[in-house]
Amino acid sequence: MNEPVVVILAAGQGTRMRSSVPKVLHDLCGRPLVAWPVAAAREAGAGRVVVVGGPDRALEPGLPEDVALAVQPVADGTGGAVRAAADHFGDGTVLVLNGDVPLVTAAALQALLASHAAARAAATLATMTLEDPSGYGRVVRGPGGVVEQIVETKHPGDATEQQLAIREVNAGVYVFEAGPLRGALERLSTHNAQGELYLTGVVALLAGDGAAVHAELLDDPTLLLGVNDRVDLARVRALAQQRIHEAHMRAGVAIVDPGSTVIEAGVRLAADTVVEPSSFLRGGTSAGAGSRIGPLTTLIDATLGERVHVPHSYVQGPVEVRDDVTIGPFAYLRPGTVLRDGSKAGTFVEIKNSDVGEGAKVPHLSYVGDADVGARTNLGAATITANYDGRRKHRTTIGEGVRTGVDTTFVAPVTVGDGAYTAAGSVITKDVPPDALGIARARQSNIEGYAQRPPADD
Ligand code: UD1
Ligand code: CA
C-alpha cells in the first residue's frame, strides 16, 4: 500500500474556546493540540503530512519541520480547508483528520486505512456511538446500514428531530480516494444553516453517486473526542495524561499518586524512577534510574542523572543534574545550572547559570549566580554571590576543596584558589590565593561593664 497523504484541518477560528490563541495551538500535555494528530499520523506511516492553517500562518512554531503548510484564505468550513490542500493529494489515498481530535492513535488510523483498503471504498469515515452526541455530525444510514449522509447539528435547522436522536456520530477522521474526493469537493455548496462548505457534504455526494462509502465504528470513543471548548480540552487532557502515566508505569516508573501528578508528553523517565505526589514534570525533562522526584516538585526542561533525589523543589531548566545529586527540600534551580556527580543544592538555595563541581555542597540559605564552584568545595550557610553591579553580571570562580565560612559574600568578579577558606561574615572583594584564609570583616571590640552603665538622665 502506498503511504497515504495526510491532511490535518487547523484553520478554524475556534470561537468556542473564547481565546486570542488559535484553538489548535492550545496546550495539551506540553504539545499544541495540532501536534497530536500530526504525531499519530507520522507513527501510522503517513507519507506527506499537510496542515491547513489560516492566512496568518501562526501555526508554524507549533509544528515539526517536515510538515507542509497549506493556507485556507478564509475559514469557510471544513470542506474549504480540504480544498486548500488539494494540490497535495496526489492520486492515491488521502487521510483527513480534524486538527482538534488529538487522542486518535496510530493504531486506530492504521486500522481505518486497512478497512478502507479492504472495502475498496471511495470514502471511509471513523464513527463512534456517544451517550451524549450533541455538537457532533450524526451518521445517517439507509436500508442495509448503508451510509447516506452526515447531518450537522451545531446550528438549528441543519438536522431534524429524528436525526438529532441518532447517537452514531462522525469523528472527523476520514480516508478518501483522491479522485472521488476532488470531484466531490468541486461540487460542494454552502447551502446549509451556517453557509459553510461542510466536508461532511462530500459523504452525501459520494453516496449519491453510488460510490462505496464505508463507516468504521470504533469501540473506544475516547480516541475520537473533539475539542471545541475549554471543557472539552480539560476532559481530553485528563485522558491524555492518563495515557502518558500508563505508558511510564508499564515501563517501570512508579507514579505514587497519578491524580496529582502532571507529566508532559516529551518527558523521559528510566525504569525505577519514583514520582512522588503533587509533582509536575514538564517540557524535555528526563530522569535516570533510581531517581526520586517530589513530593511537590516542579521540573521544567531538567536533565537528571541516576539516583537524584529532589523533594519539594522548583527547577526551571535548561538544568543538568548528574548522578547521585541531592536537591532541596526547598531549592530553586534556574537556567544554566549544572550540578555534577555527588553534589548538593540544599534548603533555601537558589542557583543560576553556575557549575557546581563533583561532590561540592551548597547546603543552606545561599544564592549562587554566575559562578563556578570546584569539586569537593563546601559553601557555608548563607554564602551569597553578589554577581550584579546594577549594570552587568560578573562571574565568581571558586576552586576545589574550598571552605567558605557562613555568611560569606563574594563581590564578583572574584576568584578563590583551591583549598582556600573564607572567614564567617566576610565580604570578599579581592581574590583569595590557594590555601589562604580570606577574612574581610570589622574586628570585634567588647565594651566591658556595658550592662552596668549609668542610667540615662531623663
Ligand atoms: C466537525 C464535523 C462533524 C464532526 C466533528 C467531529 C464538519 C462540517 N463537521 O464538526 O461532523 O462530528 O467535526 O469532531 O466537518 N477547520 C478549518 N477550516 C474551517 C473550519 C474548520 O480548518 O473553515 C478545522 C478546525 O480548525 C478544526 C476542524 O476543522 O480543527 C473541525 O472544525 P470544527 O469547526 O471544530 O468542526 P465541528 O463543529 O467540530
Ligand atoms: Ca471540532
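Residues numbered from 1 in each chain as written. Chains lettered and ligands numbered in written order. Predicted model: local features only at pLDDT ≥ 70, side-chain atom pairs only at ≥ 80, totals over all residues. Heavy atoms only, no water.

Asks: A description of the overall build of the protein chain should follow, citing residues and the corresponding values.
Replies: The helix and strand inventory of the protein chain stands at seven helices and 39 strands. For a compact globule of 458 residues, the expected C-alpha radius of gyration is about 23 Å, and the protein chain comes in at 31 Å, more than 25% above that figure. Principal-axis analysis of the C-alpha atoms places the extent of the protein chain at approximately 110 × 60 × 40 Å. A separation of at least 24 residues holds for 39% of the contacts in the protein chain among residues at least 6 apart in sequence. A total of about 21,200 Å² of accessible surface is found on the protein chain, and carbon and sulfur atoms cover 51% of it. Here the protein chain contributes 40 positively and 52 negatively charged side chains, and the mean placements of these two sets differ by 4 Å. (Helix = DSSP H or I, 4+ residues; strand = E, 2+ residues; numbered from the N terminus. Rg over C-alpha atoms; globule rule 2.2 N^0.38 Å. Contact = heavy atoms within 4.5 Å. Areas by Shrake-Rupley, 256 points an atom, 1.4 Å probe, with all protein chains shown as cover. Lys, Arg positive; Asp, Glu negative; His and termini not counted. Charge placed at Lys NZ, Arg CZ, Asp CG, Glu CD.)

Asks: Can you lay out the site of ligand 1 for me, pointing to particular residues and giving the numbers?
Replies: Taken together, 25 residues surround ligand 1, and among them Ala11, Gln72, Gly77, Thr78 and Asn170 come closest. In this structure, an oxygen atom belonging to ligand 1 sits 3.3 Å away from a side-chain N or O atom of Arg16. Here ligand 1 loses 93% of its free accessible area of 760 Å² to cover by the protein chains. Taking a 2 Å distance to the grid points as the criterion, the majority of the atoms of ligand 1 fall inside the largest pocket. The element that contributes the greatest number of residues to the shell around ligand 1 is strand β10 (residues 168–177), accounting for three residues. (Near = heavy atom within 4 Å. Polar contact = N/O pair within 3.5 Å; in protein donor to acceptor, adjacent residues only side chain to side chain. 1 Å grid on protein atoms, 1.4 Å probe; cavity = no way out; pocket = protein on both sides within 12 Å on 5 of 7 lines; lining within 4 Å. Sits in = over half its atoms within 2 Å of the grid points.)

Asks: Describe the side chain of Thr383, with residues and values.
Replies: When you line up the elements, Thr383 lands in the loop between β31 (378–379) and β32 (384–386). We classify Thr383 as buried; its relative accessible area is 1%. Reaching out from Thr383, the side chain makes a polar contact with the backbone oxygen of Gly380 at a distance of 2.7 Å. In this view, Thr383 contacts Leu365, Ser366, Tyr367, Thr404, Gly405, Asp407, Thr408 and Phe410; residues no more than four positions away in its chain are not counted. (Buried < 20%, exposed > 50% of the residue type's maximum accessible area, 1.4 Å probe, protein only.)

Asks: Tell me about the coordination of the calcium ion (ligand 2), residues and numbers included.
Replies: Protein coordination of the calcium ion (ligand 2) is provided by Asp100 (OD) and Asn228 (OD1), with donor distances spanning 2.2 to 2.4 Å. Note that Asp100 is positioned in the loop between β6 (93–98) and α3 (106–118) and Asn228 in the loop between β11 (213–217) and α7 (230–250), a separation of 128 residues in sequence. (Donors = N, O, S within 2.8 Å, 3.2 Å for Na, K, Ca; no water.)

Asks: Mind laying out the pattern of salt bridges, listing which residues take part and the relevant values?
Replies: Going through the model one piece at a time under the given rule, you end up with 17 salt bridges. Two residues, Glu264 and Arg282, come together in a salt bridge whose shortest N-O distance is 3.0 Å. You can see Glu264 sitting in the loop between β13 (262–263) and β14 (268–269) and its partner Arg282 sitting in strand β16 (residues 280–282), a full 18 residues away along the chain. Judged by relative accessible area, Glu264 falls into the buried class, the value being 9%. Here Glu400 makes a salt bridge to Arg376, at a shortest N to O gap of 3.4 Å. Here Glu400, found in the loop between β33 (396–398) and β34 (403–404), pairs with Arg376, found in the loop between β30 (371–373) and β31; they are 24 residues apart in sequence, far enough to count as distant. Judged by its relative accessible area of 38%, Glu400 falls in the partly exposed class. Counted as one network, the salt bridges with shared partners bring together Glu306, Arg307 and Asp324. (Salt bridge = Lys/Arg side-chain N within 4 Å of Asp/Glu carboxyl O.)

Asks: Provide a residue-level description of the packing of helix α5 (residues 178–187) against helix α6 (residues 200–209), including the pertinent values.
Replies: Look at α5 against α6: their axes get within 9 Å of each other, and the N-to-C directions meet at 110°. On the basis of their axis angle, the class for α5 and α6 is roughly perpendicular. Remark: the crossing between α5 and α6 carries right-handed chirality. Contact residues: Pro180, Leu181, Ala184, Leu185 and Arg187 in α5; Val202, Leu205, Leu206 and Asp209 in α6. (Axes fitted to C-alpha atoms, helices over the stretch in contact; angles between N-to-C directions. Parallel < 35°, antiparallel > 145°, perpendicular 65-115°, else oblique. Left-handed = near helix turned anticlockwise from the far one by under 90°.)

Asks: I'd like a description of unusual backbone geometry, backed by residues and values.
Replies: For residues besides glycine, phi is generally negative; the peptide bonds are generally trans as well. Looking along the chain, the bond that leaves Gly328 and enters Pro329 is cis, with omega of 0°. By the element assignment, Pro329 lies in the loop between β22 (326–327) and β23 (331–333). With an omega dihedral of 5°, the bond running from Ala412 to Pro413 counts as a cis peptide bond. Within the secondary structure, Pro413 sits in the loop between β35 (409–411) and β36 (414–416). In this structure, Leu296 is a non-glycine residue whose phi angle is positive, near 60°. The residue Leu296 is located in the loop between β18 (292–293) and β19 (298–304) in this model. With a phi close to 55°, Asp324 is a non-glycine residue in the positive phi region. Its place among the elements puts Asp324 in the loop between β21 (314–321) and β22.

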